[in-house]
Amino acid sequence: MIRIRTLATSPVMTNTYILTFFNRDAIVIDPGGNKAAIDAALAEENAVCRAVLLTHAHFDHIGAVAALQKDGATVYMHADDVHTLEHANMAELCGTEIALFRPDVLFTEDTQTEICGQSVRVLHTPGHTPGGVCYIVGGALFSGDTLFCCSVGRTDFPGGDAVTLTRSIRDKLFTLKCDYPVYPGHDRTTTLFFEKENNPYV
């Protein structure tokens, strides 16, 4: 059993997802900021954050990572976004500073792994950033800033590429056989098949 809780964090209302499992271990996806709110939500679930999964390394998705890592969470991200993390996380756009961290585990390819006793599928979906990924956990797709409801991620930031993003969505996401609920990095949830049929940007 998985419980998914959504918090709006960061100055630009990033969706942070807290996934709590039957043993009360939790995975936090894209903790954009507001560590206090994340801690409060974890406490309400009587859960402990064991892992942080990052869809990419822009500032609005990593603001609380260093603090969660200090508390004992293992941090996962794609190797191709290490440069983004260190040099192009875009924090200056909002006049904010991000506490930097060293990821514990770097993905280098599409993979299936086990985190907190749960099967996690990692899909490398570059375009918004070079190391952008989507995760499939517990029958849900967490798309970060790759795919939104009737939209896609921006490609005008350093490292972005519109052709690559479109290819990632068409070849990696729209070829999936299951109509996953899609939990994006911003805005409301959607479903994969709805986006395949109706998204005007792909």
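Residues numbered from 1 in each chain as written. Predicted model: local features only at pLDDT ≥ 70, side-chain atom pairs only at ≥ 80, totals over all residues. Heavy atoms only, no water.

A. Quick look at the overall build of the chain. Secondary structure summary: the chain contains five helices and 14 strands in total. Against the 2.2 N^0.38 benchmark of 17 Å for 202 residues, the chain shows a C-alpha radius of gyration of 15 Å, consistent with a compact globule. Seen through its principal axes, the chain has C-alpha atoms that stretch 40 × 40 × 30 Å. Within the chain, buried positions represent 52% of all 202 residues. A fraction of 60% describes how many contacts in the chain between residues 6 or more apart in sequence connect residues 24 or more apart. In the chain, 15 side chains carry a positive charge and 24 a negative one; their mean positions are 4 Å apart. (Helix = DSSP H or I, 4+ residues; strand = E, 2+ residues; numbered from the N terminus. Rg over C-alpha atoms; globule rule 2.2 N^0.38 Å. Buried < 20%, exposed > 50% of the residue type's maximum accessible area, 1.4 Å probe, protein only. Contact = heavy atoms within 4.5 Å. Lys, Arg positive; Asp, Glu negative; His and termini not counted. Charge placed at Lys NZ, Arg CZ, Asp CG, Glu CD.)

B. Main features of the pattern of salt bridges. Enumeration over the complete set of coordinates arrives at nine salt bridges. The partner of Asp110 in a salt bridge is Lys172, with the nearest N and O atoms 3.2 Å apart. Pair noted here: Asp110 is in the loop between strand E6 (105–107) and strand E7 (111–115) and Lys172 is in helix H4 (residues 162–173), with a separation of 62 residues, a long-range link. Looking at Asp110, the relative accessible area reads 35%, which means it is partly exposed. Its relative accessible area of 25% is what places Lys172 among the partly exposed residues. Among the charged side chains, a salt-bridge network with shared partners connects Arg3, Arg5, Glu44 and Glu45. (Salt bridge = Lys/Arg side-chain N within 4 Å of Asp/Glu carboxyl O.)

C. The packing of aromatic side chains, seen in detail. Applying the stated rule across the entire model yields five aromatic pairs. Measuring from ring centre to ring centre gives 5.2 Å for Phe142 and Tyr183, while their planes differ by 25 degrees; the resulting arrangement is stacked. Residue Phe142 is found in strand E10 (residues 140–144), and its partner Tyr183 is found in strand E13 (residues 181–184); the two are separated by 41 residues along the sequence. Here Phe142 matches Tyr183 in class, with each residue buried. In this structure an aromatic cluster arises from ring pairing among Tyr17, Phe142 and Tyr183. (Phe/Tyr/Trp six-rings, centres within 6.5 Å; stacked < 30°, edge-to-face > 60°.)

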